[in-house]
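Structural characterization, general
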Amino acid sequence: AAPAFAEEGLLNFGKVKLGGGFALNLDIPETGVVNIVVLIGGLIYLLGPLLSESMATREKEIQTDIDDAIAKYNEATARLAEAQKAKAQADEVIAEINASIEKDQKEFEATIQAQTSATLAKQAAAAESALKELEANADSQVETYIQQQSVKRGLAELSSLSDAQKSKFMDAAIAAL
């Protein structure tokens, strides 16, 4: 079992036939460190230009992506500045509109108060005039009533006077003229 394990070994990857009687021995303990160094050197020599070109292309792509990202960032920053400027202008317009509304409200309130005061003054004057007129009418009616009643009572008293009182009254009335 030991010789089989040695052939199969932990680092034994076998041989890769390349054709024409050549083979690539991948058994690391058998090939030795020098062969591994030669293999790595050959791979670097053969694959170096290809990898270098691939890496240069990839570097250009990455640089292009970075440049695009920077351009997009600058554009976004410019748009943000424009949006902030537009917002500031909109805020100024809103402030002007609010100030105008507040001014209009104050003017409207002052106008309403002035109109209300004028209307109340006119109504008070009209009410006072109507009250004086009603008072004068009431005084006139009371005076007319008193005169009517005094005439009625005077007639009633005159018709109920005795002859002596009638003659005395007539004498006094003639003397007054």
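First things first, this report covers the structure right here in the doc. The shown structure was predicted, so the numbers you read here are calculated from the model rather than taken from an experiment.

So, about the overall build of the protein chain. What the protein chain contains, in helices and strands, is 3 helices and 2 strands. Taken against the 2.2 N^0.38 rule, which gives 16 Å for 177 residues, the C-alpha radius of gyration of the protein chain at 65 Å runs more than 25% over that of a compact globule. Expressed along its principal axes, the backbone C-alpha trace of the protein chain runs to roughly 190 × 45 × 25 Å. For the protein chain, the exposed area adds up to about 15500 Å²; of that, 63% sits on carbon and sulfur atoms. Distance between charge centres in the protein chain, computed from 16 positive and 27 negative side chains, equals 8 Å.

This paragraph deals with the pattern of salt bridges. Scanning the model with the defined rule gives 6 salt bridges in all. As a salt-bridge pair, Glu107 and Lys103 come within 3.9 Å of each other at their nearest N and O atoms. With a gap of 4 residues between them, Glu107 and Lys103 both fall in helix α2 (residues 28-159), about one helical turn apart. Here Glu107 falls in the partly exposed class, since its relative accessible area comes to 42%. Note on Lys103: relative accessible area 51%, which makes it exposed. One salt bridge connects Lys132 with Glu128, and the closest N-O pair in it is separated by 3.6 Å. Placement of the pair is Lys132 and Glu128 together in helix α2, with a separation of 4 residues, close to one helical turn. When its relative accessible area of 47% is taken as the criterion, Glu128 is described as partly exposed.

Below, the discussion takes up the environment of Lys60. Structurally, the position occupied by Lys60 is in helix α2. Exposure remark for Lys60: the relative accessible area of 61% places this residue in the exposed category. Separated by 12 residues in the primary sequence, Lys60 and Lys72 place their C-alpha atoms 18 Å from one another.

Our focus in this paragraph is a nonpolar patch on the surface. A contiguous nonpolar surface patch, about 1100 Å² in accessible area, is contributed by Val16, Leu18, Phe22, Leu24, Leu39, Leu43, Tyr45, Leu46, Leu47, Leu50 and Leu51. Within the residue set of the nonpolar patch, elements represented by two or more residues are β1 (12-19), β2 (22-27) and α2. Among the elements that take part in the nonpolar patch, α2 stands out by supplying 7 residues, more than any other. Tracing the chain through its elements places Val16 in strand β1.

Scoring rules and cut-offs
- Residues numbered from 1 in each chain as written.
- Predicted model: local features only at pLDDT ≥ 70, side-chain atom pairs only at ≥ 80, totals over all residues.
- Heavy atoms only, no water.
- Helix = DSSP H or I, 4+ residues; strand = E, 2+ residues; numbered from the N terminus.
- Rg over C-alpha atoms; globule rule 2.2 N^0.38 Å.
- Areas by Shrake-Rupley, 256 points an atom, 1.4 Å probe, with all protein chains shown as cover.
- Lys, Arg positive; Asp, Glu negative; His and termini not counted.
- Charge placed at Lys NZ, Arg CZ, Asp CG, Glu CD.
- Salt bridge = Lys/Arg side-chain N within 4 Å of Asp/Glu carboxyl O.
- Buried < 20%, exposed > 50% of the residue type's maximum accessible area, 1.4 Å probe, protein only.
- Patch = residues over 30% accessible without salt bridge, like charges linked within 9 Å, V, L, I, M, F, W, Y side chains within 5 Å.

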